[in-house]
Amino acid sequence: MSNIKFVNSDNQEIKEVVAAQGANLRLKALENQIDLYKFYGKMMNCGGYGQCATCIVEIVEGEENLSPRSSVEEKKLKKKPANYRLACQTLVNGPVTVKIKP
């Protein structure tokens, strides 16, 4: 089991949830009513297939506990810092702190 702590842009905790090993970050956020999307993303997201890049999150702590960046992420996030991930492409394997809407 892994703990995922979601924080806002001011690093204030929104919610901490427990996830099974290998859980998808986007699905755990949505299951727990964590709003990952900005206005445009709410209307135009791809549903978790890595095509729209609207579920971008910043990993504050625990980056080593996530799956490696996928080829889709490498392409979509090539101009973003290394700690930015697409929530839909990220699997959680240990404790992590995630900043939503960076």
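Residue positions within a chain follow its written sequence, with the count starting from 1. It should be noted that, the model being predicted, local features are given only for residues of pLDDT at least 70 and side-chain atom pairs only at 80 or more, the latter also being counted only at that level, while totals for whole chains, interfaces and linings use all residues. Note: side-chain values were computed over all heavy atoms of the structure, leaving out hydrogens and water.

In the nomenclature of an unreviewed UniProt entry, the protein is known as 2Fe-2S iron-sulfur cluster-binding protein of Planktothricoides raciborskii GIHE-MW2. UniProt positions are given in the numbering used here, feature names are shortened, and annotations may be inferred rather than shown by experiment. Heading Sequence similarities (unreviewed entry) of the UniProt record for the protein holds this comment: "Belongs to the adrenodoxin/putidaredoxin family." Per UniProt, the protein carries the Cofactor (unreviewed entry) text "[2Fe-2S] cluster".

**Student:** Could you clarify how one ought to interpret the sheet that holds strand β1 (residues 2-7) in this entry?
**Tutor:** Sheet strands associate in pairs through backbone hydrogen bonding, adopting either a parallel or an antiparallel arrangement. Spatial ordering of the open sheet is given by β2-β1-β7-β4-β5, a layout of five strands whose pairing is mixed. In this open sheet, the two edge strands, each paired with only one partner strand, are β2 (13-19) and β5 (84-86). Each strand of the sheet is rotated relative to its neighbour by a mean of 35 degrees, with strand direction disregarded. Strands qualify as paired when DSSP identifies two bridges or more between them. We count a stretch as a helix when DSSP gives it H or I for four or more residues in a row; a strand needs E for two or more, and each element gets its number in order from the N terminus. As paired elements, β1 and β2 share six bridges and run antiparallel to each other. Residue pairing across strands places Ser2 opposite Ala19, the latter belonging to β2. Angles run from 0 to 180 degrees between N-to-C directions of axes, and those axes are lines fitted to C-alpha atoms, restricted for helices to the stretch in contact.

**Student:** Would you mind going over the environment of Val96 with me for this structure?
**Tutor:** Among the secondary structure elements, Val96 is positioned in strand β7 (residues 96-100). Judged by its relative accessible area of 4%, Val96 is buried. If we skip the residues at most four places from it in the chain, Val96 touches Asn3, Ile4, Lys5, Ile59, Glu61, Gly62 and Leu66. Think of it in three bands: with a 1.4 Å probe and only protein chains considered, a residue is buried below 20% of the maximum accessible area for its type, exposed above 50%, and partly exposed in between. The contact rule is simple, with two residues in contact once any of their heavy atoms fall within 4.5 Å.

**Student:** Please explain the pattern of salt bridges as it appears in this structure.
**Tutor:** Side-chain pairing between opposite charges can occur once the charged atoms of the two side chains come close. For this document, the term salt bridge refers to a Lys or Arg side-chain nitrogen within 4 Å of an Asp or Glu carboxyl oxygen. One pass over the structure, following the stated rule, counts five salt bridges. A salt bridge links Lys28 to Glu31; the shortest N-O distance between them is 3.1 Å. With Lys28 and Glu31 both in helix α1 (residues 25-31), this residue pair falls three residues apart, about one helical turn. On the basis of relative accessible area, Lys28 is assigned to the buried category, the value being 16%.

**Student:** Explain the pairing of β1 to me, please; I cannot follow it from the model alone.
**Tutor:** Within a regular strand, the side chains alternate between the two sheet faces. Between β1 and the antiparallel strand that follows it, β2, lie five residues; Asn11 among them carries a positive phi value of about 60 degrees. With four bridges connecting them, β1 and β7 associate as parallel partners. Residue pairing in the sheet places Phe6 in a bridge with Val98 of β7.

**Student:** Before we go on, may I ask you to explain unusual backbone geometry in this structure?
**Tutor:** With glycine set apart, most residues show a phi of negative sign, and most peptide bonds adopt trans. For Gln33, which is not glycine, the phi dihedral falls at a positive 55 degrees. Owing to a relative accessible area of 66%, Gln33 belongs among the exposed residues under this scheme.

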